Amino acid sequence: MELFATLPILILLTGALVQLLVGHIESARLKGWLAFAAGLGALAAVVAGVPSIWQGQPLTAGPFLWDQGVPILYHVDGLSLIFALMATGIGAAILLYCVRYMEHEPQGLTRFYALMLVFIAGLVNLAASANLLLAYLSWEVVGLCSYFLVGFWYKSTAAANGARKVLLMTHLPGYGLLIAILLLYSQSGTFLWTDPALSAAFTAGIFGLMLLAAMAKSVMVPLHTWIPEAMNAPTPVSALLHSACYVKAGVYLIARIYAITPWQPSWNTVVLVVGCVTMLVGALFALAQTDLKRLLAFSTISQLGYIITGLGLGTALGVAAGLFYCLSHGLFKGTLFLCAGSVQHATGTRDMRQLGGLAAKMPHTAKIWLVAAAAIIGVPLTNGFVAKWLLLDAALEAGAGLVVIVAWLVSVFTAFYMLKATVSVFYGELPAALAEKHVHEAAPSMLAGKGFLAGLALLFGIAPQLLMQPVVAPAVRDLGFEWQVGLSWLGVQTGSAGMQVTLGAAVVLLGLLAGWAVFRLTRAPKTEAIGLFTGGEPLAAAGDSVGVADFASLAETAFEPVFAATDPDPLYLKLWAGLKKLAGQFDNIFTPLGEGHPLLASLLLALVVLALVWVW
C-alpha cells in the first residue's frame, strides 16, 4: 500500500533526474522518449491502485516525521485518484506528442522535459498529501513550474511578461491557502486534513481564504486574466496547464473541503455564483477571439465554470457531475490544444484569419479536432454530452433553475465559437500564403498523443459507466456523499424508468444523427469558391465569405459593454502602478537614510520591530 501511494511521484521525479543526467546527450527524440516512459510508468503505477480504492481502501504511506512531530503522511483516496489519473494519463499523452513537436527546439529541451515531469508530479503530490503543509508546498511547486514553462522562450518579451503575470496573479492569492492552513493548525493542533479535529476548526473565513487561492489557480472571475497571456508558452505546456495540472489544482482544493468539513449553505451559494459568472464571461470573451489558442484559453475559463458549478450544488449528483466534467474537460481540452499545436506547427501561425482549408492537408488532425469540438459543445456520443447532461440534471434536482438557464446559454455560445474555429481553420479555401508552404499532416507520434485523448472522449461518451463506477463513485463517497448515480450507455441514468427510457432512445437517435454529420464533415471538402449573398453589407474578410474577423467584430460590437464591465485588468494595472509609485517613494526616502545615516536607520528599524512584537 505504501509503495503504490508514493510510486507515481517517485517515478516522475526519477524521470526528471534522468533528464538532468542525460542533458549532454544531443538526441532530442531520446530525451522525449525518456520523459514519455516516465509519464507512462507513473500512469501504470496510478492505475495499479484503482482496485484497492474502488473497494474503499485508501492507499497510505507514512507517517514520516518532519519537524517538531509534524508527520508527512500520504493518503490516496477516490478524489486523489481522479487527479492522479488526470495528471499522469493526460500528461503521458502530451509527452508522447512532445517527442516530435519539440525535436527541432534548438536549446532548453532538458529543462523543458524535467520541468514537465516535476509539473505533473506536483499535482499528484498535491492530491496525495494528507499533510496540508506538504500540499501547500506542492501547490507552489506547480505554480513555479508553470512560471518557468510559460516563460520557456524567455528571450521573447511576450513570453516573459506572460510568465510574470501568471506567477503574480496565482502566487499572491495563494497566500490565502497558507494563512488558512496556519489558522487551522492554531485551532486544531494538526496539519492533517484526515484528522477530524480539523472540521471543528473550519470557519467561513478559512473557507473564503481557500476559495480565493482556488479562484486564482482555476481561472475564476475576476482572477482569470492571466490565462490568455500564458498562451505564449509552447503548445504542450498550454495543453498540460489547461487540461490536467494547473487549472485543476483549484478544483481539487474546493472538492477536498467537502472531505474536511460539511459545507454551510452560504458557501454553496458563493461557489454557484462564481461558477456561473465564470462560465458566462469566459464564453463571451471566446466569441471575440481570432487567435486559436486564445480562444481555447477563454474556453478553459468557461469550462472551469461548469466544473465549479457542479461542485457548488452540494449534492451527490452535483459533485459526481462536477468530477466527471473535470475528467472529461481534461480529455477534450487537451485534444483541442494539441490539435492547435499541430496546426501552428504545420502552418507557422495560429491566427484564424490566415488559416482555412486545412482538412484537405491535415485530414487526421481535422477528424480528431471534430471529436474534441463535439465533446466541448456537448454532442451525443461524447463525454462532454454526458457531463453536461449530469450537470443539468443535478441543477434541476437541487432546484437551481438559474444554473440550468446559464449553463444552457453558455452551451449555445460554446457551439458558436467552436463552429467559428472549426470552419475558419479546417474548411473553406486554403489561403494563398499557405498554398506556397509545405503544409503536412502531423507526425504519427503527435497523432497518437491527441488521438488517444480523443478516443477516450468518445469511449466515455458511449460508455460513461466505465469511468463513473470505478473512479468517480469512490471519490463521491470519500467526500461524504452517498452514491446514488446509476449510469448506463450514453449517460442514461438507470435509477428511474419511463421518461429515462424515452430520453435514452432520443439520445441514441441524436447520437446516430451526430455520427452521420461528423462522417459527412470529415469527407474531403470541395475547394471551389461559393458566392455569398450579403444584401450589400460589407464583410471584413477578404472575398465573398463570412470569416472569423466578421464573427469576432460582431461579438465585439454586441458585447462591448459586457467586456468593459468584466475585464478587471485595467483596475489591476492601476493598482500595480500605484504600488510601484509607492515603492519608489519609499526608496527615495529610506535609501538615502540607510546609506547616509546607517546607525539612525538601524535604531528606527529596531523600534519598529519592537513595536510590532509588542502589538502581536
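Rules used throughout
Residues numbered from 1 in each chain as written. Predicted model: local features only at pLDDT ≥ 70, side-chain atom pairs only at ≥ 80, totals over all residues. Heavy atoms only, no water. Helix = DSSP H or I, 4+ residues; strand = E, 2+ residues; numbered from the N terminus. Rg over C-alpha atoms; globule rule 2.2 N^0.38 Å. Buried < 20%, exposed > 50% of the residue type's maximum accessible area, 1.4 Å probe, protein only. Contact = heavy atoms within 4.5 Å. Areas by Shrake-Rupley, 256 points an atom, 1.4 Å probe, with all protein chains shown as cover. Patch = residues over 30% accessible without salt bridge, like charges linked within 9 Å, V, L, I, M, F, W, Y side chains within 5 Å. Salt bridge = Lys/Arg side-chain N within 4 Å of Asp/Glu carboxyl O. Expected span 1.5 Å × (residues − 1). Polar contact = N/O pair within 3.5 Å; in protein donor to acceptor, adjacent residues only side chain to side chain. pLDDT = per-residue confidence, 0-100. 1 Å grid on protein atoms, 1.4 Å probe; cavity = no way out; pocket = protein on both sides within 12 Å on 5 of 7 lines; lining within 4 Å. Points joined across faces, edges and corners; volume = space filled by probe spheres on them. Nonpolar A, V, L, I, M, F, W, Y, C, P; charged D, E, K, R; others polar. Axes fitted to C-alpha atoms, helices over the stretch in contact; angles between N-to-C directions. Parallel < 35°, antiparallel > 145°, perpendicular 65-115°, else oblique. Core = buried A, V, L, I, M, F, W, Y, C linked by side-chain atoms within 4.5 Å. Left-handed = near helix turned anticlockwise from the far one by under 90°. Phe/Tyr/Trp six-rings, centres within 6.5 Å; stacked < 30°, edge-to-face > 60°.

## Examining the overall build of the chain
(1) Moving on: When helices and strands are tallied, the chain shows 26 helices and two strands.
(2) Moving on: In terms of C-alpha radius of gyration, the chain reaches 25 Å, essentially the compact-globule figure of 25 Å for 616 residues.
(3) Moving on: For the chain, the spread of C-alpha atoms along the principal axes amounts to about 80 × 65 × 55 Å.
(4) Moving on: Looking at the chain as a whole, 56% of its 616 residues qualify as buried.
(5) Moving on: Taking the intrachain contacts of the chain between residues at least 6 apart in sequence as the baseline, contacts between residues at least 24 apart amount to 78%.
(6) Moving on: Carbon together with sulfur atoms contributes 69% to the accessible area of the chain, which is approximately 25,800 Å² in total.

## Some remarks on a nonpolar patch on the surface
(1) Moving on: Taken together, the side chains of Leu168, Leu172, Tyr175, Ile179, Leu183, Trp576 and Leu579 make up a nonpolar region of the molecular surface, amounting to roughly 650 Å² of accessible area.
(2) Moving on: At the level of secondary structure, the elements contributing two or more residues to the nonpolar patch comprise α7 (157–188) and α25 (569–596).
(3) Moving on: For the nonpolar patch, the leading source of residues is α7, giving five residues.
(4) Moving on: Position of Leu183 relative to the elements: it lies in helix α7.
(5) Moving on: Judged by relative accessible area, Leu183 falls into the partly exposed class, the value being 37%.

## Some thoughts on helix α13 (residues 292–312)
(1) Moving on: An ideal rise of 1.5 Å per residue puts 30 Å on 21 residues; α13 measures up with 30 Å between its terminal C-alpha atoms.
(2) Moving on: The opening residue of α13 is Asp291, an N-cap whose side-chain oxygen sits 3.0 Å from the backbone nitrogen of Lys293.
(3) Moving on: Backbone geometry just after α13 places Gly314 at a positive phi near 75 degrees.

## Here we look at the confidence of the model for the chain
Low pLDDT marks regions whose predicted coordinates should not be analysed in detail.
(1) Moving on: Considering every residue of the chain, the mean pLDDT works out to 88; 90% of them sit at 70 or more.
(2) Moving on: Every residue in residues 496–502 is under pLDDT 50, and counting partners more than four places away or in other chains gives three contacts.

## Some details on the layout of surface pockets
(1) Moving on: Here the second largest pocket is characterised by a volume of approximately 500 Å³.
(2) Moving on: Lining the second largest pocket are 14 residues, and of these Leu168, Met169, Tyr572, Leu573 and Trp576 sit closest to its centre.
(3) Moving on: Elements that contribute at least two residues to the lining of the second largest pocket include exactly α7 and α25.
(4) Moving on: Among the elements that line the lining of the second largest pocket, the one with the most residues is α7, at seven residues.
(5) Moving on: By residue class, the composition of the lining of the second largest pocket is ten nonpolar, one polar and three charged.

## So, the packing of helix α5 (residues 109–128) against helix α10 (residues 235–243)
(1) Moving on: It is at 11 Å that the axes of α5 and α10 come closest, and there the two elements cross at 5 degrees. In this view, α5 runs roughly parallel relative to α10, as classed from their interaxial angle. For the pair formed by α5 and α10, the contact residues are Phe112, Met116, Phe119 and Ile120 on the first element and Pro236, Val237, Leu240 and Leu241 on the second.
(2) Moving on: When the residues that make up the contact of α5 with α10 are grouped by side-chain class, the tally is eight nonpolar, no polar and no charged.

## Some details on the nonpolar core
(1) Moving on: Core analysis: the largest hydrophobic core is formed by 217 residues, its most contacted members being Trp226, Leu323 and Trp369.
(2) Moving on: Here the element with the most residues in this core is helix α14 (residues 316–347); it accounts for 19 residues.
(3) Moving on: Not counting residues within four places of it along the chain, the set of residues in contact with Leu323 comprises Leu79, Ile82, Leu311, Val472, Ala475, Val476 and Leu479.

## Regarding the packing of α14 against helix α16 (residues 363–377)
(1) Moving on: Put simply, α14 and α16 touch, their axes get as near as 9 Å, and they point 145 degrees apart. Note that α14 runs across α16; the crossing there is left-handed. On α16, the residues that touch Phe332, Lys333, Thr335, Leu336, Cys339 and Ser342 of α14 are Thr365, Ile368, Trp369, Ala372, Ala373, Ala375 and Ile376.
(2) Moving on: Across the contact of α14 with α16, the residue classes tally to nine nonpolar, three polar and one charged.

## Some remarks on the packing of aromatic side chains
(1) Moving on: Under the definition given, this model contains 23 aromatic pairs.
(2) Moving on: Ring-pair connections join several aromatic residues into one group, and the members of that group are Phe202, Phe207, Tyr258, Trp263, Trp267 and Phe481.

## Quick word on the environment of Ala321
(1) Moving on: You can see Ala321 is positioned in helix α14.
(2) Moving on: Between the C-alpha atom of Ala321 and that of Ala387, which follows or precedes it by 66 residues, the distance is 6.0 Å.
(3) Moving on: Look past the residues within four positions of Ala321 in its chain and what remains in contact with it is Leu390 and Leu391.

## Considering the pattern of salt bridges
(1) Moving on: By the definition in use, this model includes seven salt bridges.
(2) Moving on: Note that Arg256 and Asp77 form a salt bridge whose closest N and O atoms lie 2.9 Å from each other. Remark: Asp77 occurs in the loop between β2 (70–76) and α4 (78–101) and Arg256 occurs in helix α11 (residues 246–260); sequence separation between them is 179 residues. For the pair formed by Arg256 and Asp77, the shared burial category is buried.
(3) Moving on: Here Arg100 ties to Glu103 by a salt bridge, and the two come within 2.7 Å at their closest N and O atoms.

## Some points on the side chain of Thr6
(1) Moving on: Mapped onto the elements, Thr6 comes out in helix α1 (residues 2–21).
(2) Moving on: Using a relative accessible area of 15% as the deciding quantity, one classes Thr6 as buried.
(3) Moving on: Each residue touching Thr6, except ones within four places of it in the same chain, is listed here: Ala61 and Tyr74.

## Notes on the side chain of Ser342
(1) Moving on: Mapped onto the elements, Ser342 comes out in helix α14.
(2) Moving on: The exposure class assigned to Ser342 is buried, which follows from its relative accessible area of 2%.
(3) Moving on: Of note is the side chain of Ser342, whose polar atom sits 2.6 Å from the side chain of Lys450.
(4) Moving on: Leaving out residues up to four positions away in the same chain, Ser342 has contacts with Tyr97, Met362, Thr365, Ala442, Met446 and Lys450.

## Considering unusual backbone geometry
Glycine aside, residues mostly have negative phi, and peptide bonds are mostly found in the trans state.
(1) Moving on: Of note, the amide linkage connecting Val221 to Pro222 takes the cis form, showing an omega dihedral of 10 degrees.
(2) Moving on: On the secondary structure map, Pro222 appears in the loop between α9 (204–217) and α10.
(3) Moving on: One non-glycine residue, Leu381, lies in positive phi territory at about 85 degrees.
(4) Moving on: Summarising the element assignment, Leu381 is placed in the loop between α16 and α17 (383–397).
(5) Moving on: On the accessibility criterion, Leu381 (24% relative accessible area) is partly exposed.

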